[in-house]
Amino acid sequence: MSDWHTPGGQLDPLKVRAAYPILSTTPGGRPLHYLDSAATAQRPKAVVDAVSNFLLTANANPHRGAYTLGGDATAAYEGARARTAAFLGVPAEELVMLGSATEALNLVARSWGRANLSRGDVVLVTEAEHHANLIPWQQVTREVDADLEFIPVDDVTGEILWDRLEGLLKLRPKIVAVGHVSNVLGSAAPLAQIAPQIHAAGGLLAVDGCQAVANMPVNIPDTGADFYAFSAHKMGALFSGGGLWARAHLLNEMNPIETGGDMIREVRLRDATFAEGTQKFEAGTPDASGTVALAAACDFIDDLGREQIHAHEVRMLERVLRELPEALPDARILGPRDAKDRIGLVSFSSDLVHAHDLATILDRRGVAIRAGHHCAMPLHEQLELSATARVSVAPYTTDEDLDALFDGLRDARKIFAR
Ligand SMILES: Cc1ncc(COP(=O)(O)O)c(C=O)c1O
């Protein structure tokens, strides 16, 4: 075990914290208790150092320079793609590096969707999807006059009713697009179980992995997905970054949705032919520094241990689920009741304290949580909630962070119970 673990092999969050300089800062003069990692994870110094090292020693435009430094930049970029691909268990030739998960999901809908969907075809998503995995499908189904159908959620807990999938597959959806882990419910989709069902019905499975890859071991081939999108900033890398893995034959069949430099084979005045493979989807100068950061984030996550991160986060969530009802008795907790069935987060609402007031009161104690609809407005509408509060954890979350959270919740209860 490395520097980050107890002698028993568990993750020691106090040791991990030391790798994140921002966690020792005091925004507004208060110690920081960052419980919003589902929105964006904090960056370990190792990631920032990797970017700075690339920019200070290997910076040049990748894929272009015939000089040595240009070769170094290309090697750094392609090496970082290969490292990220290995982290996810897929070949580098099938991993498209993009600016965000949003871009990746739009690529699937606009490229694969426009080419493969037509009038009357069905696309299936869940009612709990993040807007990034919903609106692109709304747009493309409207454009081609296809139907968008939904796997429903339970009206009280919000849990996705996966047992309805079998019936919905009778509609023979051409694609089913689901989140690996819901960014509101914290529940994981049973991908290994639903992928064969979807394939047997003749459809493809597209997965939004944003909330999964940093919090649990993910080996994409085990999921059965045909497309898998993820976000770099949720993994401790830079804001600009994300990727799309797709099966090689799908990538080969798909058209680029952005065109320009670096994605071409030959260009004449009136037409052009495109590069093969991933390069076809990476128009313009690639984000080499962001991709280097992503590879460093993968190294760091593996150094901590993905099983250990998951186990630590389950321990933190167990405490949240146990103590939240004591601190705020009217809290309505969304998603599964057992922390073992959750990945990384707990969302809740309270009739006594609005989520935004809660976030403001917690901020007085330096506790940062997310309040709002978390880019899942239809789910909130289904649950008749305008907003929820969301607590999300990470390898650097400590018991002290949770103590501060519960103290803040008790403050809020006192203020609003008057
Ligand atoms: C489930 C889910 N999907 C998609 C996204 C969008 O990711 P990105 O910020 O990389 O576009 C997020 C981020 O909030 C998310 O949580």
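Everything below is about the structure printed above this text.
Residues numbered from 1 in each chain as written. Predicted model: local features only at pLDDT ≥ 70, side-chain atom pairs only at ≥ 80, totals over all residues. Heavy atoms only, no water.

**What to know about the site of the ligand**
Moving on, step 1. Near the ligand you find S100, A101, T102, H130, A132, N183, D208, C210, Q211, S231, H233 and K234, and these make up its full shell.
Moving on, step 2. Here an oxygen atom of the ligand and a side-chain polar atom of T102 are 2.5 Å apart.
Moving on, step 3. Separating an oxygen atom of the ligand from a side-chain N or O atom of Q211 is a distance of 2.8 Å.
Moving on, step 4. Protein contact buries 87% of the 400 Å² of open area that the ligand shows by itself. (Near = heavy atom within 4 Å. Polar contact = N/O pair within 3.5 Å; in protein donor to acceptor, adjacent residues only side chain to side chain. Areas by Shrake-Rupley, 256 points an atom, 1.4 Å probe, with all protein chains shown as cover.)

**Description of helix α3 (residues 68–88)**
Moving on, step 1. The end-to-end C-alpha separation of α3 is 30 Å, in line with the 30 Å expected for 21 residues at 1.5 Å each.
Moving on, step 2. Every buried residue of α3 is accounted for by G70, A73, Y77, A80, R81, T84, A85, F87 and L88. All buried residues of α3 fall inside an arc of 170° around its axis, so they share one side. Summarising the geometry of α3, the exposed residues directed more than 90 degrees from the buried face are T68, A75 and A86. (Helix = DSSP H or I, 4+ residues; strand = E, 2+ residues; numbered from the N terminus. Expected span 1.5 Å × (residues − 1). Buried < 20%, exposed > 50% of the residue type's maximum accessible area, 1.4 Å probe, protein only. Arc of directions from axis to C-beta.)

**What about the packing of α3 against helix α10 (residues 288–304)?**
Moving on, step 1. Viewed as axis vectors pointing N to C, α3 and α10 meet at an angle of 35°, and their least axial separation amounts to 8 Å. In this structure, α3 crosses over α10, and the sense of that crossing is left-handed. For the pair α3 and α10, contact is made by A76, Y77, A80, R81, R83, T84 and F87 and by A288, T291, V292, L294, A295, C298, D299, I301 and D302, respectively.
Moving on, step 2. Split into classes, the residues belonging to the contact of α3 with α10 amount to 10 nonpolar, 2 polar and 4 charged. (Axes fitted to C-alpha atoms, helices over the stretch in contact; angles between N-to-C directions. Left-handed = near helix turned anticlockwise from the far one by under 90°. Contact = heavy atoms within 4.5 Å. Nonpolar A, V, L, I, M, F, W, Y, C, P; charged D, E, K, R; others polar.)

**Some thoughts on the pattern of salt bridges**
Moving on, step 1. Counted by the stated rule, this structure contains 24 salt bridges.
Moving on, step 2. With a closest N to O distance of 2.9 Å, R319 and D399 form a salt bridge. Placement of the pair is R319 in helix α11 (residues 306–327) and D399 in helix α14 (residues 399–417), with a sequence separation of 80 residues.
Moving on, step 3. Of the charged contacts in the structure, one is a salt bridge between R365 and D411, with a shortest N-O distance of 2.6 Å. Here R365, found in the loop between α12 (355–363) and β13 (367–368), pairs with D411, found in helix α14; they are 46 residues apart in sequence, far enough to count as distant. (Salt bridge = Lys/Arg side-chain N within 4 Å of Asp/Glu carboxyl O.)

**Concerning the pairing of strand β7 (residues 227–231)**
Moving on, step 1. In terms of residue burial, β7 counts as a mostly covered element, since 5 of its 5 residues are buried.
Moving on, step 2. By the alternation rule, side chains of β7 split into F227, A229 and S231 and Y228 and F230, which are all buried.
Moving on, step 3. For β7 and strand β8 (residues 242–246), the ladder comprises 5 bridges, and the chain directions are antiparallel. Along β8, the bridge assignment pairs A229 with L244. (Pairing = 2+ DSSP bridges.)

**Quick look at the environment of N219**
Moving on, step 1. Following the sequence through the fold, N219 ends up in the loop between β6 (204–208) and α8 (220–223).
Moving on, step 2. Sequence-wise, N219 and V108 are 111 residues apart; in three dimensions their C-alpha atoms are separated by 20 Å.
Moving on, step 3. Not counting the four nearest positions on each side in its chain, N219 is found in contact with L88 and G89.

**Digging into the state of the cysteines**
Moving on, step 1. Within the structure shown, the criterion is met by 0 disulfides.
Moving on, step 2. Of all cysteine sulfurs in the structure, the one in C375 sits closest to C210, which takes part in no disulfide; the separation is 11 Å.
Moving on, step 3. Overall, the relative accessible area of 13% leaves C210 in the buried class.
Moving on, step 4. Judged by relative accessible area, which is 26%, C375 ranks as partly exposed. (Disulfide = S-S within 2.5 Å.)

**Describing the sheet that holds strand β2 (residues 95–98)**
Strands belonging to one sheet form pairs held by backbone hydrogen bonds; the direction of such a pair is parallel or antiparallel.
Moving on, step 1. Across the sheet, 7 strands lie side by side as β2-β8-β7-β6-β5-β3-β4; this open sheet has mixed pairing. At either end of the open sheet lies a strand with only one pairing partner, and these are β2 and β4 (147–151). Across the sheet, the mean angle from the axis of one strand to that of its neighbour is 20°, orientation sign disregarded.
Moving on, step 2. Where strand β5 (residues 175–179) meets β6, 5 bridges bridge the pair, whose relative direction is parallel. Bridging across to β6, A177 finds its partner in A206.
Moving on, step 3. On the sheet, helix α4 (residues 101–116) packs against β2, β5, β6, β7 and β8 and is oriented at approximately 155° with respect to β7.
Moving on, step 4. Contacting β5 and β6, helix α7 (residues 191–200) runs over the sheet at an angle of about 150° to β6.

**Some points on the packing of aromatic side chains**
Moving on, step 1. Following the criterion strictly, the structure yields 4 aromatic pairs and no others.
Moving on, step 2. Residues W112 and F227 carry aromatic rings whose centres are separated by 6.4 Å and whose planes lie at 70° to one another, so their mutual orientation is edge-to-face. In this pair, W112 is assigned in helix α4 and F227 in strand β7, connecting sequence segments 115 residues apart.
Moving on, step 3. The class for F227 is buried, based on a relative accessible area of 1%.
Moving on, step 4. Taken together, the aromatic side chains of W4, Y20, F300 and Y396 make up a single cluster linked through ring pairs.
Moving on, step 5. Above the face of the F239 ring, R43 is positioned so that its terminal group lies 4.3 Å from the ring centre.
Moving on, step 6. The ring of F87 carries the charged tip of R306 above its face, separated from the ring centre by 3.7 Å. (Phe/Tyr/Trp six-rings, centres within 6.5 Å; stacked < 30°, edge-to-face > 60°. Lys NZ or Arg CZ within 6 Å of the ring centre and 35° of its normal.)

**Topic: the nonpolar core**
Moving on, step 1. Of all hydrophobic cores here, the largest spans 80 residues; its most connected members are I151, V178, Y228, M235, L379 and Y396.
Moving on, step 2. The leading source of residues in this core is α10, at 11 residues.
Moving on, step 3. Not counting residues within four places of it along the chain, the set of residues in contact with V178 comprises T126, E129, N133, I151, W162, L191, I194, L205, A206, V207 and D208.
Moving on, step 4. By size, the runner-up hydrophobic cluster in this structure holds 33 residues, among which are V367, I369, L402 and L405. (Core = buried A, V, L, I, M, F, W, Y, C linked by side-chain atoms within 4.5 Å.)

Remember that the coordinates give geometry; whether it matters functionally is a separate question.
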